[in-house]
Amino acid sequence: MLGITPGARPVQEQTPGGGFVVLVVIDGARPSYLTLAGLPQIGALMEQGVVYEQAWVGEMESATPSVHATLGTGTLPSQNGFVRFGWVQPGTREQVDFRTLLAEGKIDPVLQHLPLPSVAARLERLVPGAVALAASGHRNYAVAGLAGGAAKYQLYGQFVGKEYVPRCI
């Protein structure tokens, strides 16, 4: 299998020290895009943190809702049920749209009942008093997956007329 070392075993999760956990997803970008312009804040995070230069989320189709749910929860679409923006349910042939499920408040309950705790849930469990926040420039469907059903705050922006207004889920 790709990315799996034969005989590899899970590593015991340790309580993180002080500081922050920052997971940055630059959606729809190739790694080479990071060198096209000066990005001092991103560069500082990369220098002071951990960078996975050969990371792959494990999904053949790259669609924001499903990939962000995978990143936020550690589960693949076969486990969490979120395939892409829209899909047809096997068996019932019902058409499903991630954005509609989000608008109806049906994403978080699914994410909260997955077999693994999300990144946000693990952080809050391991660090007493920690508060998880998921944020996106303007995509509520990106925030929902990264929040993993556990982030206390889910923030994104939305254009209202010509103004960019913060919103939360």
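Here, the structure is the one placed above.
Draft legend 1. Inspection of the overall build of the protein chain at higher detail. Scanning the protein chain from terminus to terminus reveals seven helices and five strands. Starting at the N terminus, the α and β elements of the protein chain follow one another as α-α-α-β-β-α-α-α-β-α-β-β. A total of 169 residues make up the protein chain; the buried ones form 24% of that total. Excluding contacts between residues fewer than 6 apart, the proportion of contacts in the protein chain whose partners are at least 24 apart in sequence is 42%.

Draft legend 2. Geometry of the packing of aromatic side chains. The full count for this structure, using the stated rule, is four aromatic pairs. Both rings, one in F85 and one in Y141, keep their centres 5.1 Å apart while their planes meet at 75 degrees; by these two values the pair is edge-to-face. In this pair, F85 sits in the loop between α3 (77-80) and β1 (86-88) while Y141 sits in helix α7 (residues 140-147), placing the two residues 56 residues apart along the sequence. For F85, a relative accessible area of 24% gives the class partly exposed. Members of the aromatic cluster, joined through ring pairs, are F82, W87 and F98.

Draft legend 3. Inspection of the side chain of H68 at higher detail. Topologically, H68 is positioned in helix α2 (residues 64-73). On the basis of relative accessible area, H68 is assigned to the buried category, the value being 4%. Excluding residues within four positions of it along the chain, H68 makes contact with V25, D27, A142, G145 and L146.

Draft legend 4. Layout of the sheet that holds strand β3 (residues 133-136). Pairing is mixed in the open sheet, where three strands are placed in the order β3-β4-β5. The sheet terminates laterally at β3 and β5 (163-168), the two strands that pair on one side only. On average, adjacent strands in this sheet sit at an angle of 25 degrees to one another, irrespective of strand direction. Direction of pairing for β3 relative to strand β4 (residues 153-160): parallel, over a ladder of four bridges. Looking at β4, one finds that A134 is bridged to Q154.

Conventions used here
- Residues numbered from 1 in each chain as written.
- Predicted model: local features only at pLDDT ≥ 70, side-chain atom pairs only at ≥ 80, totals over all residues.
- Heavy atoms only, no water.
- Helix = DSSP H or I, 4+ residues; strand = E, 2+ residues; numbered from the N terminus.
- Buried < 20%, exposed > 50% of the residue type's maximum accessible area, 1.4 Å probe, protein only.
- Contact = heavy atoms within 4.5 Å.
- Phe/Tyr/Trp six-rings, centres within 6.5 Å; stacked < 30°, edge-to-face > 60°.
- Pairing = 2+ DSSP bridges.
- Axes fitted to C-alpha atoms, helices over the stretch in contact; angles between N-to-C directions.

Everything listed is a geometric property; what it means functionally is a separate question.
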